[in-house]
Amino acid sequence: MAKIRPAHYKKMLSPFKVGRVFNSVKIKPGRWPLRYKSVSIEYPSRLNAMSMDPSQIDINKDFRYTPGEVVFSVALFKRVSINLRNDSKVVVAKDSKRPALIKHAALLMKIALGFKEGFDIAVENALEIRHCGLGSSSGLIASVACAINEAYGNPIEENNLIRYLAQNHGEEIDGNDLFLNPVQCIGGSAAAGICRAGLILLAGESLPIAKMDITGDYGAVIGIPQDVKDLDSNILMKKEIKNLPKFIATGKRYGKSIAYNILHKMLPAMAEGNLRAVGDVIYEYRFNMGSIKNCSFVYRKLPQLCSELSFIKKDNIAEVLSISSVGPAVFAISKKTEQCKKIFDSRGLKTYLLPLNNSGYKIIDKIKND
């Protein structure tokens, strides 16, 4: 197992100023003046079912991460509204949660597009589930960025925007709205809102390479342990660093097998709309290749919990059973959502039943700029 290099990581994990750009983005040629003075969108959430090579999540200095990701888009929406101001300021509504992330997204777009306008930005996110593996941080940043991109006529193309947001990601520091912690990001939250599909496969530098719609008779059941602690991103990052050698070892040991399963099993299954076969590949990775144990640094009871729930997949109650990202959220995708919910409830989980989302983010309102 690789040795932990705390001094090596310390410099790369130094907090950075909100709005700092580490990797630039290409925009479409031409002029892109403000087209809409007001934009409101609803933005979905993502479930990260698995990665393709967990060894590539090791921290690097260029913010470009290539482990790949299998993502489900679910109808857990946040609503973002931006409105043109008479000055050049970016002002976040006082009742919007996590203002540092909102400001970071706006400044990333301001730097990319070079606009001089200012905006009032408000985010309604009543069901905020922070640091549980649902991509709440990256989803918040992506939602604001997409609203601003809409306001200017979408000058940043979809794949470029996904990569730009992934490669300039940070997460808030409790009590500090001026700096962010660098945290690895693969692009799943941006893809879940941008790609207009219920299932998305990302490879390389956050590039969507396959998509699949999921029929409406399927639903997602998400369970979160009620005794999990809401920890600051800095604490979680320190815990992850101690466990990175396990992720690297898993990638080196199973990387070829995972790649084979993705190429010869998952991609054909997606082409045929076979969700059960997709779930088989996910289950093999999570339950039989050590992934759940690797992720238990977030919630030590995770291996036992998942073991108790494994029959949901084995007995064909659900097509997909996994944790999301590093957890502690556990999810199932099934036609038998009420049965799955009862099972989750019986294990003491706080349970959410949600539709899958095939349509990306939704434009609620746009008002043209005179």
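To start, this report covers the structure provided alongside it.

Quick word on helix H11 (residues 337-346)
Part 1: Among the residues of H11, those classed as buried are Thr337, Cys340, Ile343 and Phe344. Projection of H11 onto a plane perpendicular to its axis shows the buried side chains occupying an angular sector of 125 degrees, all on one side.
Part 2: In the core, the buried residues of H11 are packed alongside strand S10 (219-225), helix H9 (302-309), helix H10 (311-314), strand S11 (320-323), strand S12 (330-334) and strand S13 (349-355).
Part 3: Backbone geometry just after H11 places Gly348 at a positive phi near 75 degrees.

Brief notes about the sheet that holds S13
Part 1: If you trace the four strands from one edge of the open sheet to the other, you get S11-S12-S10-S13, paired in antiparallel fashion. Among the strands making up the open sheet, the edge pair consists of S11 and S13. Adjacent strand axes in the sheet meet at a mean angle of 15 degrees when their direction is disregarded.
Part 2: Across seven bridges, the pairing between S10 and S13 is antiparallel. Counterpart to Gly223 in the pairing with S13 is Thr351.

Overview of empty space enclosed by the protein
Part 1: For the structure on display, the rule yields five cavities of 30 Å³ or more.
Part 2: Within this model, the largest cavity holds a volume of roughly 700 Å³.
Part 3: Lining the largest cavity are 40 residues, and of these Arg46, Gln184, Glu240, Ser325 and Val326 sit closest to its centre.
Part 4: Of all elements in the fold, only strand S2 (36-50), helix H3 (136-151), helix H5 (188-194), helix H6 (233-272) and helix H7 (275-288) reach the threshold of two or more residues within the lining of the largest cavity.
Part 5: By residue number, the principal contributor to the lining of the largest cavity is H6, which donates five residues.
Part 6: Here the residues of the lining of the largest cavity sort into 18 nonpolar, 17 polar and five charged.
Part 7: In this structure, the second largest cavity is lined by Ser45, Leu76, Phe77, Lys78, Asn125, Leu127, Glu128, Ile129, Leu134, Gly135 and Ser136.
Part 8: In terms of residues, the lining of the second largest cavity owes the most to one element, strand S3 (residues 69-84), which gives three residues.

As for the environment of Glu319
Part 1: Within the secondary structure, Glu319 sits in the loop between H10 and S11.
Part 2: Taking the C-alpha atoms as reference points, Glu319 and Leu305, separated by 14 residues in sequence, lie 18 Å from one another.
Part 3: Excluding its chain neighbours within four sequence positions, the residues that come into contact with Glu319 are Tyr218, Leu275, Arg276, Gly279, Lys313, Ile333, Ser334 and Lys335.
Part 4: Polar contacts involving the side chain of Glu319 include one to the side chain of Arg276, which spans 2.8 Å.

Observations concerning H7
Part 1: Along its 14 residues, H7 runs 19 Å from first to last C-alpha, staying within 8% of the 20 Å computed at 1.5 Å per residue.
Part 2: Restricting attention to buried positions, one finds in H7 the residues Leu275, Val278, Gly279, Val281, Ile282, Tyr283, Tyr285 and Arg286.

Comments concerning the pairing of S2
Part 1: For S2, the buried fraction is high: 13 of the 15 residues fall into the buried class.
Part 2: Relative to strand S14 (residues 362-368), S2 is paired through six bridges, and the arrangement is antiparallel. Following the sheet pairing, Val39 is matched in S14 by Lys366.

Each value, and the rule that gives it
- Residues numbered from 1 in each chain as written.
- Predicted model: local features only at pLDDT ≥ 70, side-chain atom pairs only at ≥ 80, totals over all residues.
- Heavy atoms only, no water.
- Buried < 20%, exposed > 50% of the residue type's maximum accessible area, 1.4 Å probe, protein only.
- Helix = DSSP H or I, 4+ residues; strand = E, 2+ residues; numbered from the N terminus.
- Arc of directions from axis to C-beta.
- Contact = heavy atoms within 4.5 Å.
- Pairing = 2+ DSSP bridges.
- Axes fitted to C-alpha atoms, helices over the stretch in contact; angles between N-to-C directions.
- 1 Å grid on protein atoms, 1.4 Å probe; cavity = no way out; pocket = protein on both sides within 12 Å on 5 of 7 lines; lining within 4 Å.
- Points joined across faces, edges and corners; volume = space filled by probe spheres on them.
- Nonpolar A, V, L, I, M, F, W, Y, C, P; charged D, E, K, R; others polar.
- Polar contact = N/O pair within 3.5 Å; in protein donor to acceptor, adjacent residues only side chain to side chain.
- Expected span 1.5 Å × (residues − 1).

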